[in-house]
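One letter stands for each residue in the lines below.
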Amino acid sequence: MTKIDKQLDHIYHRSRIDAQITGMIVLVATVAILAITVGPKFAPFKVGAKLLQPVRYVWVEMEHDWVTEFTLVQSGTFPPYDNKGNVDIREVYPQVVSIVLFIGVMAVSGFIYKCARRQTRLMNQIYADESDQPYYRPWSDIRITFWALNFALLFVLMLLFFL
């Protein structure tokens, strides 16, 4: 392998690692935007949430809380007569949507992590037999970036599901 071929291979693998870091940043940003825009529709731990069916919640001013529409209909207080103004109704996705979203996001994150680990190994193998390496960044340095991004991703997912 010539020197130019080694340099091109090294640059290619290094650019792939940078692309994977960028991909993780885009994933975290996408989930954060999802949490901001449609976050209230994800409430898998809210009282009354169901696994396979969406649930409608109604704001009850007397209790200062969201109550399931089903509960209010059963008690004969739908629409809440004490509310001032229009009745505020919010539909929440089934719990299975939150589970699938969480598993999917974690699978994508794991895939990007494994791809970056492989690219780092390939990048560092190119100049492994030479003492003067032009750029050497071990996996232990790169994985810290991914760990930080994964912690940020978990924090955003926690905000998505618990707010």
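Presented here is a report on the structure given in the accompanying data block. (Residues numbered from 1 in each chain as written. Predicted model: local features only at pLDDT ≥ 70, side-chain atom pairs only at ≥ 80, totals over all residues. Heavy atoms only, no water.)

## What about the pattern of salt bridges?
Two side chains of opposite charge can pair, provided their charged atoms sit close to one another. Scanning the entire structure with this criterion turns up 1 salt bridge. A salt bridge links Glu69 to Arg56, with the shortest nitrogen-to-oxygen separation between them at 3.0 Å. Of this pair, Glu69 sits in helix α2 (residues 69-75) while Arg56 is found in strand β1 (residues 55-60), placing the two residues 13 residues apart along the sequence. A relative accessible area of 36% places Arg56 in the partly exposed class. (Salt bridge = Lys/Arg side-chain N within 4 Å of Asp/Glu carboxyl O. Helix = DSSP H or I, 4+ residues; strand = E, 2+ residues; numbered from the N terminus. Buried < 20%, exposed > 50% of the residue type's maximum accessible area, 1.4 Å probe, protein only.)

## As for helix α4 (residues 139-162)
The end-to-end C-alpha separation of α4 is 34 Å, in line with the 34 Å expected for 24 residues at 1.5 Å each. The inward-facing, buried residues of α4 contact α1 (3-38) and α3 (95-126). (Expected span 1.5 Å × (residues − 1). Contact = heavy atoms within 4.5 Å.)

## Let's talk about a nonpolar patch on the surface
A contiguous nonpolar surface patch, about 920 Å² in accessible area, is contributed by Leu51, Leu52, Ile99, Phe102, Ile103, Ile144, Trp147, Phe151 and Leu154. Mapped onto the nonpolar patch, the elements with two or more residues apiece are α3 and α4. Per-element tally for the nonpolar patch: the top contributor is α4, with 4 residues. Along the chain, Leu154 turns up in helix α4. (Patch = residues over 30% accessible without salt bridge, like charges linked within 9 Å, V, L, I, M, F, W, Y side chains within 5 Å. Areas by Shrake-Rupley, 256 points an atom, 1.4 Å probe, with all protein chains shown as cover.)

## Things to note about the sheet that holds strand β2 (residues 65-68)
An order of β2-β1-β3 is seen for the 3 strands of this open sheet, with the pairing classed as antiparallel. Edge positions in the sheet fall to β2 and β3 (89-92), since each of these pairs with one other strand and no more. Adjacent strand axes in the sheet meet at a mean angle of 35 degrees, parallel and antiparallel pairs treated alike. Pairing of β1 with β2, which is carried by 4 bridges, proceeds in the antiparallel orientation. When the sheet's bridge partners are listed, Val60 is paired in β2 with Asp65. (Pairing = 2+ DSSP bridges. Axes fitted to C-alpha atoms, helices over the stretch in contact; angles between N-to-C directions.)

## So, the side chain of Thr68
If you trace the backbone, Thr68 turns up in strand β2. Those residues in contact with Thr68, other than ones at most four positions away along the chain, are Val47, Gly48, Val55, Arg56 and Tyr57.

## Observations regarding the packing of aromatic side chains
Two measures describe an aromatic ring pair: the distance that separates the ring centres and the angle between the ring planes. All told, the structure shown has 7 aromatic pairs when counted by the stated rule. Measuring from centroid to centroid gives 6.1 Å for Tyr113 and Phe146, while their planes differ by 90 degrees, and the two rings are edge-to-face. Taken together, the residues span a long stretch of sequence, with Tyr113 in helix α3 and Phe146 in helix α4 at a distance of 33 residues. Judged by relative accessible area, Phe146 falls into the buried class, the value being 0%. Chaining the aromatic ring pairs together yields one cluster made of Phe42, Tyr93 and Phe161. The ring of Tyr57 carries Lys46 above its face, with NZ or CZ at 5.5 Å from the centroid. (Phe/Tyr/Trp six-rings, centres within 6.5 Å; stacked < 30°, edge-to-face > 60°. Lys NZ or Arg CZ within 6 Å of the ring centre and 35° of its normal.)

## Overview of the packing of α3 against α4
Running from N to C, α3 and α4 point in directions that differ by 170 degrees, and their axes come no closer than 11 Å. In terms of axis orientation, α3 runs roughly antiparallel to α4. Contacts from Ser98, Leu101, Phe102, Val105, Met106, Ser109, Ile112, Tyr113, Ala116, Arg117, Thr120 and Asn124 of α3 reach α4 at Trp139, Ile142, Arg143, Phe146, Trp147, Asn150, Leu153, Leu154, Leu157, Leu160 and Phe161. (Parallel < 35°, antiparallel > 145°, perpendicular 65-115°, else oblique.)

## A short note on the environment of Val156
Following the sequence through the fold, Val156 ends up in helix α4. A relative accessible area of 11% means that Val156 is categorised as buried. Apart from residues lying up to four places away in sequence, Val156 is in contact with Val31, Ala32 and Ala35.

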